[in-house]
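The chain contents come next:
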Amino acid sequence: MDPREIDLRDIEIFLTLSAELHFGRTAERLHISQARVSQVIRKLEGQVGGRLFERSSRTVALTFVGRRLRDDLQANYRDLRASLGRAARAARYGETGLLRIGVTSSSLEDIRPLLKAFQTRHPNCSLQIEHVHFGNPFGALRADEIDILVSWLPVEEPDLVVGPVLYEEPFMLLVASDHPLAEHESASYEDLADYGVFGTTSSDPGNRPPDYWQSAAVPFASPSGRAIPRVAHADNFQDMILLVAAGKAITPVHAHAMLHYSRPDVAYIPMPDAPPARWALIWRRGGETDLIRDLAATATTELARPNCSPPAQAAEDQRAGSR
């Protein structure tokens, strides 16, 4: 197979079909005809000298050869697209550059001092902030839609680099204001097993957060070993808080949530047995740039300075004032 005879569009079609395993959905997703998908697959199979997919009237499945080609192409294709994207942004923004920062947090206040310090060092660099859905936390980074991500730890992905920790904050238990736990001074993971929490909405493992990442915020079992059931689902925090207020579920949340989502129909209860959440900078392995390195270096420098209002203290101050 001569790599000079393959174009990027053919690779995109092959990889999309490898994920969808359906010619119609692949064509719809890429806005091309189903005949075009079939034509490209036949072309690739001719170049490889073997079948890439087993096809029947009901199913499409990758062959051994197809799986091997998919595994080899995925990372290279992603890196190549990222390289082309970086070149295009360099052509548009010049040496001053553009840095696209994704945040899974609801608030920018916790990283605003970092952004301000970075802008002081790079006054002409354009910063673009994107909200990243916690249901698919690493997808935007891998798709080169952002350059760097602010995420809670742990992150144990071989293609991602974990940079400096920016800050820590405690967990609070979010419950309806008329929930039995609302009058408690504190709550524990054992309480989650009694009432149930939110779960992920996607059945596709490639389009949902890994279990270890979810369990860092909401464990799947209590310390005594009882299962913590997933009894409700929400696509975003706004939907989640409405369902909590309606009594559909309870959920641990990061402390900054009570600063920005204070409502009379919900209550935030401290969880002293929960380890604090740690937030860090994350970027693609092999995708590091001068701007990413400088942001990480700025974060390390800023961490050495006292923070007058970290999320943990600010949340505690607000809770104390509401008593």
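Details of the structure are given in the entry above.
What you see is a predicted model; the values in this text were computed from it and never measured. (Residues numbered from 1 in each chain as written. Predicted model: local features only at pLDDT ≥ 70, side-chain atom pairs only at ≥ 80, totals over all residues. Heavy atoms only, no water.)

What follows concerns the sheet that holds strand 12 (residues 277–284). A sheet is described by the order of its strands in space; here five strands give the open sequence 4-3-5-12-6, paired in mixed fashion. The open sheet has two free edges, formed respectively by strand 4 (126–131) and strand 6 (160–169), since each of these has just one partner strand. Each strand of the sheet is rotated relative to its neighbour by a mean of 25°, with strand direction disregarded. Examined bridge by bridge, strand 5 (residues 148–152) and strand 12 share five bridges and lie antiparallel to one another. (Pairing = 2+ DSSP bridges. Helix = DSSP H or I, 4+ residues; strand = E, 2+ residues; numbered from the N terminus. Axes fitted to C-alpha atoms, helices over the stretch in contact; angles between N-to-C directions.)

Taken together, the side chains of L8, L80 and L84 define a hydrophobic patch exposed on the protein surface, amounting to about 250 Å² of accessible area. For L84, the location among the structural elements is in helix 4 (residues 64–93). A relative accessible area of 49% places L84 in the partly exposed class. (Patch = residues over 30% accessible without salt bridge, like charges linked within 9 Å, V, L, I, M, F, W, Y side chains within 5 Å. Areas by Shrake-Rupley, 256 points an atom, 1.4 Å probe, with all protein chains shown as cover. Salt bridge = Lys/Arg side-chain N within 4 Å of Asp/Glu carboxyl O. Buried < 20%, exposed > 50% of the residue type's maximum accessible area, 1.4 Å probe, protein only.)

Glancing now at the environment of K43. When you line up the elements, K43 lands in helix 3 (residues 34–48). We classify K43 as partly exposed; its relative accessible area is 36%. C-alpha of K43 to C-alpha of D10: the two residues are 33 residues apart in sequence and 9.0 Å apart in space.

Our next topic: the packing of aromatic side chains. One pass over the structure, following the stated rule, counts six aromatic pairs. Measuring from centroid to centroid gives 6.0 Å for Y167 and W279, while their planes differ by 20°, and the two rings are stacked. Residue Y167 is located in strand 6, and its partner W279 is located in strand 12; the two are separated by 112 residues in the primary sequence. Taking the relative accessible area as the measure of exposure, Y167 reaches 9% and is therefore buried. Exposure remark for W279: the relative accessible area of 0% places this residue in the buried category. (Phe/Tyr/Trp six-rings, centres within 6.5 Å; stacked < 30°, edge-to-face > 60°.)

Bringing the pairing of strand 11 (residues 266–270) into the picture now. Most of strand 11 sits out of view: five of its five residues are buried. Alternating residues of strand 11 divide into V266, Y268 and P270 and A267 and I269, and every residue in both groups is buried. Relative to strand 11, strand 7 (residues 171–176) runs antiparallel, the two being bridged by five bridges. Pairing of L173 across the sheet is with I269, part of strand 11.

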